[in-house]
There are 2 protein chains.
Amino acid sequence: MNVVALSGGVGGAKFADGLAQSVGPEALTIIVNTADDFQLYGLRISPDLDTVMYTLAGLANVDTGWGVSGDTFENFGMLAKYGVQPWFRVGDRDVATHLLRTEMMRLGANLTEVTQVLSQRLNIDTRILPMTNDIVRTMVDTAEFGVLPFQEYFVKHKWQPTVKRILFDGIEKANPTFETLRALETADTIILCPSNPYLSVEPVLGLSGVKDALFNAAAPIIAVTPIIGGEAVKGPAAKMMREMGVEPTPLSVAQHYAEFINGFVLDERDAEYADAIRALGLGVLVTNTWMRDRNDRAALTCEVINFADHLRPEKLGGCRLPQR
Amino acid sequence: MNVVALSGGVGGAKFADGLAQSVGPEALTIIVNTADDFQLYGLRISPDLDTVMYTLAGLANVDTGWGVSGDTFENFGMLAKYGVQPWFRVGDRDVATHLLRTEMMRLGANLTEVTQVLSQRLNIDTRILPMTNDIVRTMVDTAEFGVLPFQEYFVKHKWQPTVKRILFDGIEKANPTFETLRALETADTIILCPSNPYLSVEPVLGLSGVKDALFNAAAPIIAVTPIIGGEAVKGPAAKMMREMGVEPTPLSVAQHYAEFINGFVLDERDAEYADAIRALGLGVLVTNTWMRDRNDRAALTCEVINFADHLRPEKLGGCRLPQR
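Draft legend 1. Region of interest: the pairing of strand S10 (residues 221-224) of chain B. Residues and elements named next belong to chain B. Where burial is concerned, the two faces of S10 agree: the one with Ile221 and Ala223 and the one with Ile222 and Val224 are both buried. Bridge analysis of strand S9 (residues 189-192) against S10 gives three bridges, and the strand direction is parallel. Note on S10: the bridge partner recorded for Ile190 is Ile221. Bridge analysis of S10 against strand S13 (residues 263-267) gives three bridges, and the strand direction is parallel. Bridge pairing links Ala223 to Phe264 in S13.

Draft legend 2. Representation of the sheet that holds strand S14 (residues 283-287) of chain B. All names here are of chain B. Here we have seven strands laid out as an open sheet, ordered S5-S2-S1-S9-S10-S13-S14, and parallel in their pairing. The two strands at the open ends of the sheet, each matched to only one other strand, are strand S5 (127-130) and S14. Each strand of the sheet is rotated relative to its neighbour by a mean of 20°, with strand direction disregarded. Pairing geometry for strand S2 (residues 28-32) and S5, over four bridges, is parallel.

Draft legend 3. Spatial organisation of the confidence of the model for chain A. Averaged over all residues, the pLDDT of chain A is 95; the fraction at 70 or higher stands at 99%. With pTM at 0.92, the complex prediction returns an ipTM value of 0.90.

Draft legend 4. Main features of the interface of chain A and chain B. Contacts between chain A and chain B engage 26 residues on the former and 26 residues on the latter. Residue assignment for the side of chain A that touches chain B shows that the elements contributing at least two residues are helix H3 (74-81), helix H4 (94-106) and helix H5 (111-121) of chain A. Grouping the constituent residues of the side of chain A that touches chain B by class yields twelve nonpolar, six polar and eight charged.

Basis of the calculations
Residues numbered from 1 in each chain as written. Chains lettered and ligands numbered in written order. Predicted model: local features only at pLDDT ≥ 70, side-chain atom pairs only at ≥ 80, totals over all residues. Buried ≥ 20, exposed ≤ 12 C-beta atoms within 10 Å, placed from the backbone. Helix = DSSP H or I, 4+ residues; strand = E, 2+ residues; numbered from the N terminus. Pairing = 2+ DSSP bridges. Axes fitted to C-alpha atoms, helices over the stretch in contact; angles between N-to-C directions. pLDDT = per-residue confidence, 0-100. Contact = placed C-beta atoms within 7 Å. Nonpolar A, V, L, I, M, F, W, Y, C, P; charged D, E, K, R; others polar.

Given below as structure tokens:
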């Protein structure tokens, strides 16, 4: 099998971990949003890549959704002695990742190469691909503060400002990597993880050639809802949908993706929307999509893999885990 | 008063702390060796500046002689997960200093400006000046490994290789800063701290114009021995002197500096050399030069300040601390 998933941070990373269990890490490629990347003190920080990488390496801090489990913040205390109190805290372990990434890129490596090296060193067999080696930067146009760089909106203002629209600086000039396009072209299953459709998946889809690759893909394309019972499991997805005049329902998400997906996975708490989503011409899977632990991740992804298999003429054998 | 001291790392930093007590921090300027500076993962690390700064801020790790007291090394453990085991360990608190310095320099500040900002933020009233804003790099020519960058000789090989000679890459093209030359010209007392004459003081003296400034200085110039009883208090000074065919005695150090100093301070354990040093035409102070604690630092520097006052025609009032 050759499963390709598009992912943002926490929700996508959990789903990726489930997929690695369900189909085996070697059969899996995760294409990760990099539009949330930024620099702090010259360090190149890639929050979604790091969350996916740490999650697949078993190092993620599951309580916070970012950073390394058990990390400390001694550097932050020392920065405070210098009178510097950044609103973005980098853990002492986490900083090692950024130092190595920054240094490798200073020496000429691109983000794809750096991500490969770092993942391999952490014994991750899943292929993690940044969506692009170019610079794309999410900007959030807010009612209260005007246009904010994503991390200011997300971390500094704790996603409380009212979102008017979301912009992706540089997206017109950015290209998806060769590896990203090739992965989509050769996939036999493509999954949009339960990540924020507007913040995390949209930048990947906005890269020149990605939507064409999806339209042309022979593989079934499945989207998994990030909205359960009108709310996001984590983060601002539901809040920002409301603010942008979109009802935060799985139906809205399905409509958003409908033109290029074949199947949609919604939560059993939202079963009422199944018929409306079927009416969009999509296959539908209704199940428990809330991933509380690693077993939940495995069970959900296993069902999704079998659901994808069900949507194609010739079966590939599906999930290798026992069904729940 | 206007006291200017030339310093390397640990020994110089302790002496500087004593001087700050003896004459008041506002009356003191420390000119610090930067030839040991290097880059690690793109971070600009200035070991001697940091040791002086941390010591004067009361943050220094007195056990190791480098880094911040109570620091942790979580970043090092994480680097190890990536298969990277640098022989130079940067503490988690210490890294904050390097991040800020690196970022300020990336934005165009020079090392003098950065050092001023960092010192002020740590509430240091003593003026700390890097000897130059240019790049000078100490290289140690060893019998076993050929020419090594200083930190490889000093940290990686724990100063065990046999030293043949010491080179200062870039010294011909480097200039002392305006602030450094001006400090020497306007000083009323100049002190060579008990730092390694060949590694730490030599690069300062080697900068174009520094020796001329010393020859022309109206101020008495005093050197304090880094050698006690044939050994260095800390570090490779005595070992490398033997290896380069120089007897590790205060007399050798006095001879090394004789052409431009007026007075020499040696330890009471080496009193036998006092006459030979006097015979060089130097004033001599024999006292306890071993600084075990902050009181020792204050007592020694107080004596040295009064000794310097004794060497000039018009007295300036000397040390403000009670004599021991």
